[in-house]
Amino acid sequence: MAEDNLRKLADLVRTPIVTEKATLLMEQNKYVFDVDAKSTKPQIKAAIEHLFEVKVVSVNTMHRPPKKRRVGKFVGYKPHYKRAIVTLAEGDSLQNIFFPEV
């Protein structure tokens, strides 16, 4: 049963975001991830601590509104997503995971 729980936690975190703004946040020991829209802050914290073996201090989340897109006369929306900004404890880092030494 515990192994099933760990798999669910791993599925919550989809991708890390590496944009200019996210890279500037890395200097403050904050990392940005796309996460499942239904996930909660304690679940995100547990998932990051389990996946990367670091200590998470805080989790800030934001729901991004779906953007309208059209193809010809048809109007649709891009998928809804949620982002999490995770602050790590002093001394912990994910720099070597995102930017490995060449």
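- Per an unreviewed UniProt entry, the chain goes by Large ribosomal subunit protein uL23 and derives from Oscillatoria acuminata PCC 6304.
- As stated in UniProt under Function (unreviewed entry), the record for the chain gives "One of the early assembly proteins it binds 23S rRNA. One of the proteins that surrounds the polypeptide exit tunnel on the outside of the ribosome. Forms the main docking site for trigger factor binding to the ribosome."

1. Focus: the overall build of the chain
Reasoning step 1: The helix and strand inventory of the chain stands at 4 helices and 6 strands.
Reasoning step 2: Along the chain, from the amino end to the carboxyl end, the secondary structure elements read α-β-α-β-α-β-β-β-β-α.
Reasoning step 3: Viewed in the frame of its principal axes, the chain has a C-alpha envelope of about 55 × 40 × 25 Å.
Reasoning step 4: Burial analysis of the chain (102 residues in total) assigns 28% to the buried set.

2. Some details on the pattern of salt bridges
Reasoning step 1: This structure, assessed with the given rule, holds 2 salt bridges.
Reasoning step 2: Here Asp34 ties to Arg83 by a salt bridge, and the two come within 3.4 Å at their closest N and O atoms. Of this pair, Asp34 sits in strand E2 (residues 30-35) while Arg83 sits in strand E6 (residues 81-88), and the two are 49 residues apart along the sequence.
Reasoning step 3: A relative accessible area of 23% means that Arg83 is categorised as partly exposed.

3. Focus on the side chain of Asn29
Reasoning step 1: When you line up the elements, Asn29 lands in the loop between helix H2 (20-26) and E2.
Reasoning step 2: In terms of polar contacts, Asn29 uses its side chain to reach the backbone carbonyl oxygen of Ala89, at 3.0 Å.
Reasoning step 3: Sequence-distant contacts of Asn29, that is, excluding residues within four places in its chain, are made with Val86, Thr87, Leu88, Ala89, Glu90, Asp92 and Ser93.

4. A short note on helix H3 (residues 41-52)
An α-helix turns once per 3.6 residues; consequently, residues spaced three or four apart project the same way.
Reasoning step 1: Spanning 12 residues, H3 covers 16 Å between terminal C-alpha atoms, matching the ideal 16 Å at 1.5 Å per step.
Reasoning step 2: Taken as a whole, H3 has its buried residues at Ile44, Ala47 and Ile48. Projected onto a plane normal to the axis of H3, the buried residues spread over an arc of 95 degrees and lie on a single side.
Reasoning step 3: Glu53 occupies a position one or two residues after H3 and carries a positive phi of about 55 degrees.

Calculation criteria
- Residues numbered from 1 in each chain as written.
- Predicted model: local features only at pLDDT ≥ 70, side-chain atom pairs only at ≥ 80, totals over all residues.
- Heavy atoms only, no water.
- UniProt positions renumbered as here; feature names shortened; annotations may be inferred.
- Helix = DSSP H or I, 4+ residues; strand = E, 2+ residues; numbered from the N terminus.
- Buried < 20%, exposed > 50% of the residue type's maximum accessible area, 1.4 Å probe, protein only.
- Salt bridge = Lys/Arg side-chain N within 4 Å of Asp/Glu carboxyl O.
- Polar contact = N/O pair within 3.5 Å; in protein donor to acceptor, adjacent residues only side chain to side chain.
- Contact = heavy atoms within 4.5 Å.
- Expected span 1.5 Å × (residues − 1).
- Arc of directions from axis to C-beta.

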